[in-house]
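Structural features, examined
Each chain, written out:
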Amino acid sequence: QVLSDVFNAPVYTIDTANSASLGSAYRAIHGLVAETNVSLADVVKLAPEPRLAVTPTAGAEELYRPLLKRYAELEQKVIYNPASSC
């Protein structure tokens, strides 16, 4: 639910063990076939059907939007000037 609220997006799951590892494997396959212009959508066509797990809580976006903006600003500061951010 937290991911859904923070990113204001529905979260889907698939009924398989180690689904995060499965996602990484699909991305690796996509990388291997990148020169053939195959889309990630084409690579994952054989994946199990996702199931909606949760949707964003009403009003959560108003809470998290400023925090995500601040997080992005801090991340950029660390990336572009790591010595001064310590």
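Residues numbered from 1 in each chain as written. Predicted model: local features only at pLDDT ≥ 70, side-chain atom pairs only at ≥ 80, totals over all residues. Heavy atoms only, no water.

1. Observations regarding the environment of A83
Considering the arrangement of structural elements, one finds A83 in the segment after α4 (60–80). For A83, a relative accessible area of 68% translates into the label exposed. In this structure the C-alpha to C-alpha distance between A83 and A25, which are 58 residues apart in sequence, comes to 35 Å. (Helix = DSSP H or I, 4+ residues; strand = E, 2+ residues; numbered from the N terminus. Buried < 20%, exposed > 50% of the residue type's maximum accessible area, 1.4 Å probe, protein only.)

2. Considerations on the side chain of H30
With respect to the element layout, H30 can be found in helix α2 (residues 19–32). A distance of 3.2 Å separates a polar atom in the side chain of H30 from the backbone oxygen of V38. At 3.3 Å, the side chain of H30 and the backbone nitrogen of L40 are in polar contact. What H30 contacts, discounting residues up to four positions off in sequence, is V38, S39, L40 and V43. (Polar contact = N/O pair within 3.5 Å; in protein donor to acceptor, adjacent residues only side chain to side chain. Contact = heavy atoms within 4.5 Å.)

3. Quick notes on the pattern of salt bridges
Following the criterion strictly, the structure yields four salt bridges and no others. In this structure, R70 and E73 form a salt bridge, with 3.7 Å as the shortest nitrogen-oxygen distance. With a gap of three residues between them, R70 and E73 both fall in helix α4, about one helical turn apart. What makes R70 partly exposed here is its relative accessible area of 46%. Via salt bridges that share partners, K69, R70 and E73 belong to a single interconnected network. (Salt bridge = Lys/Arg side-chain N within 4 Å of Asp/Glu carboxyl O.)

4. So, the confidence of the model for the protein chain
Across the protein chain, pLDDT averages 88, with 95% of residues at or above 70. For the protein chain, per-element mean pLDDT is lowest for α2, which scores 87, and highest for strand β2 (residues 51–54), which scores 95. (pLDDT = per-residue confidence, 0-100.)

5. Comments concerning unusual backbone geometry
In this structure, N8 takes a positive phi of about 50° despite not being glycine. Inspection of the secondary structure assignment puts N8 in the loop between α1 (2–7) and β1 (11–13). Positive phi values are uncommon outside glycine, yet N37 reaches one of about 60°. Relative to the helices and strands, N37 resides in the loop between α2 and α3 (40–43).

6. Side note on the side chain of D5
Summarising the element assignment, D5 is placed in helix α1. It turns out D5 is buried and unbridged, and the closest side chain with the opposite charge, R65, is 13 Å from it. Polar contacts involving the side chain of D5 include one to the main-chain amide nitrogen of T57, which spans 2.6 Å. Dropping the residues within four chain positions of it, D5 is found in contact with T55, P56, T57, A60 and Y64. (Lys, Arg positive; Asp, Glu negative; His and termini not counted.)

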